[in-house]
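In case you want the letters, here they are:
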Amino acid sequence: MANIPASSGARSSLHGQWSSRLAFILAVTGSAVGLGNIWKFPYVAGANGGSAFVLVYLGCILVVGLPVMMSEILIGRRGRRNPVETMTLVAQEEGSSKRWGLVGALGVAAGVLILSYYSVIAGWSLDFIIESLTGSFQGKSKEEVGAVIEGLNASWQRSMLWHSIFMGLSVFVVARGVEKGLESAVRFMVPGLLILLLVLLVFAMTTGAFMQGLEFLFTPDFSALTGQSVLIALGQAFFSLSIGMGAIMAYGAYLPQETSIPNASITVVLADTFIALLSAMIIFPIVFANGLNPEAGPDLVFRTLPLAFGQMPGGIVFSTLFFVLLSFAALTSAIGLMEPAVAWTVERFGLTRRAAAIMIGMVIWFVGIGTALSTNLMSEFRILGLDWFSAVDYLTSNIMLPLGGVLITVFAGWFMTRKSTSSELGGDSGIVTAWRFLARYVAPIGVLLVLANSTGLLALITGD
Ligand code: PFF
């Protein structure tokens, strides 16, 4: 972001502006591509029936994800403030209530909660850089490889150490201002990650279970589908695209007026989905070839990929590089998760960016202790039957993000005039008409139905 005012926009951001269209796309891609694609997508797909889940996920991305992302960017660019202020300001300009600002506040809270556990998982990735360098996976059996992540999870000291280091790194990057590190980090991270994933894909093809992996992912079996798994697919779509919490709205606030929002959104959505599918296509052949359990849960990737690295020539180099890149991918997402809270604190309390980043970082670090301890000291602790990590994850991905997303699209589709939205989306065209239809009807009704269905509300209403 160069510190220049918006060239032709009505208003300029207090935090500067992206230096180019590419910089914006890289930043949003950096936010979208993260642990969600490589760590979360495979394990939730594995735990929810594989192919049925994947197809629902793709549907959610297209019908809900894309229109919500476009709505967020267009509102962000119009308001050019932090999400709370942006929603308040744009709502007032469009003749609606100031209370729309609460949607921004919901997003700030979601970002804080998500990063609190995201940081712990990113800590696993940092730890695995050291494990890779010291050859912990070379030529090891699946039991020996599995023991590495189990050992890390069992130790509250190590979990806390890496959580603290990752939060420190996030605060450092955010405090320096997004423009300094982010653009260059994303520029080598996404291509680097892609190359390593392609190396792993070649390995997956040699495991002898490649077709079995593909079948698991792509042969439709809708009998495995439940209301819960549809909600989880929807939540995963929101999480993976970083939408529903104002992160993309905050980034949209720094977007030059002439950049095409539909084109940028489509590019990011395609890149994000491609990387998620690629990860799953690598992980499941390794799972089946080694007799591992596809429903292993959150540590699935940390059991499978190291096993693959341990068996391939040059494994130490590839493995180290991979976890370095995964940690970077997590860091560029962490920045997005902190940005709404930090921008809000700066604008609301007049703090410097540095002070705001440190303060918010400390809050997130503190909340994250629950997750760092959820596999050891607090493993018996339950909220509504879930451990701390699962409870925070469920609340944020499956409830807060979809709810935030509905409110954002409803606002853009119903409460902003057609003139305002189509001028942001580049004039009246087929794309604007399609966006408007999805944003006004399909996305909100779809999300509300899924939410109502999984909470049992629908059964209550219909009397079934
Ligand atoms: N999209 C990120 C991932 O897939 O890892 C997670 C995320 C980042 C969610 C930023 C929300 C957000 F604002």
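Calculation notes
- Position numbers for residues start from 1 in each chain and track the written sequence from start to end.
- Reporting in this predicted model follows two pLDDT cut-offs: at least 70 for local features of residues, and 80 or more for side-chain atom pairs to be given and counted; totals over whole chains, interfaces and linings ignore these cut-offs and use all residues.
- Values shown for side chains rest on all heavy atoms present in the structure; no hydrogens or waters enter the calculation.
- Salt bridges are defined by distance alone: a side-chain nitrogen of Lys or Arg within 4 Å of a carboxyl oxygen of Asp or Glu.
- Per the convention used, a helix needs a DSSP run of H or I reaching at least four residues, while a strand needs a run of E reaching at least two, with both numbered from the N terminus.
- Think of it in three bands: residues with accessible area under 20% of the maximum for their type are buried, residues over 50% are exposed, and the middle band is partly exposed, with areas taken using a 1.4 Å probe on protein chains only.
- Any two rings among Phe, Tyr and Trp, with Trp reduced to its six-membered ring, count as a pair given centres within 6.5 Å; such a pair is stacked if its planes are under 30 degrees apart, edge-to-face if over 60, and tilted if neither.
- Charges are assigned to positions over rings by a cutoff of 6 Å between ring centre and Lys NZ or Arg CZ, combined with an angular limit of 35 degrees from the ring normal.
- A helix is expected to span 1.5 Å for every residue after the first.
- Whenever two N or O atoms come within 3.5 Å, that pair is a polar contact, provided that in protein one can donate a hydrogen and the other can accept it, and provided that, for residues adjacent in sequence, both atoms are side-chain atoms.

## Details of the pattern of salt bridges
Alright, step 1. Following the criterion strictly, the structure yields eight salt bridges and no others.
Alright, step 2. In this structure, the salt-bridge partner of Arg78 is Glu424, at a minimum N-O distance of 2.9 Å. You can see Arg78 sitting in helix α3 (residues 51-79) and its partner Glu424 sitting in helix α17 (residues 418-424), a full 346 residues away along the chain.
Alright, step 3. Its relative accessible area of 23% is what places Arg78 among the partly exposed residues.

## Section: the packing of aromatic side chains
Alright, step 1. Counting across every chain of the model gives 23 aromatic pairs.
Alright, step 2. Between the aromatic rings of Phe216 and Phe288, the centroid separation amounts to 5.4 Å while the plane-to-plane angle is 75°, which identifies the pairing as edge-to-face. One end of the pair, Phe216, is in helix α9 (residues 210-218); the other, Phe288, is in helix α12 (residues 261-289), with 72 residues separating them in the sequence.
Alright, step 3. For Phe288, a relative accessible area of 22% puts it in the partly exposed group.
Alright, step 4. Ring geometry for Phe284 and Phe288: centres 6.4 Å apart, planes at 35°, overall tilted. Taken together, the residues Phe284 and Phe288, both in helix α12 and four residues apart, mark about one turn of the helix.
Alright, step 5. Aromatic ring contacts, followed pair by pair, group Trp124, Phe128, Phe137, Phe302, Phe309, Phe322 and Phe323 into a single cluster.
Alright, step 6. Looking at Lys40, its charged tip hangs above the ring of Phe239, at a distance of 4.0 Å from the centre.
Alright, step 7. Above the ring of Trp414, the side-chain terminus of Arg440 is found at 3.7 Å from the ring centroid.

## What about α12?
Alright, step 1. Helix length check: α12, at 29 residues, gives a terminal C-alpha distance of 43 Å against a target of 42 Å (1.5 Å per residue), a fit within 8%.
Alright, step 2. Burial within α12 is extensive, with 21 of its 29 residues counted as buried.
Alright, step 3. In this structure Ser260 caps α12, since a side-chain oxygen of it lies 3.2 Å from the backbone nitrogen of Asn263.
Alright, step 4. Directly beyond the C-terminal end of α12, a positive phi value near 65° is found at Gly291.

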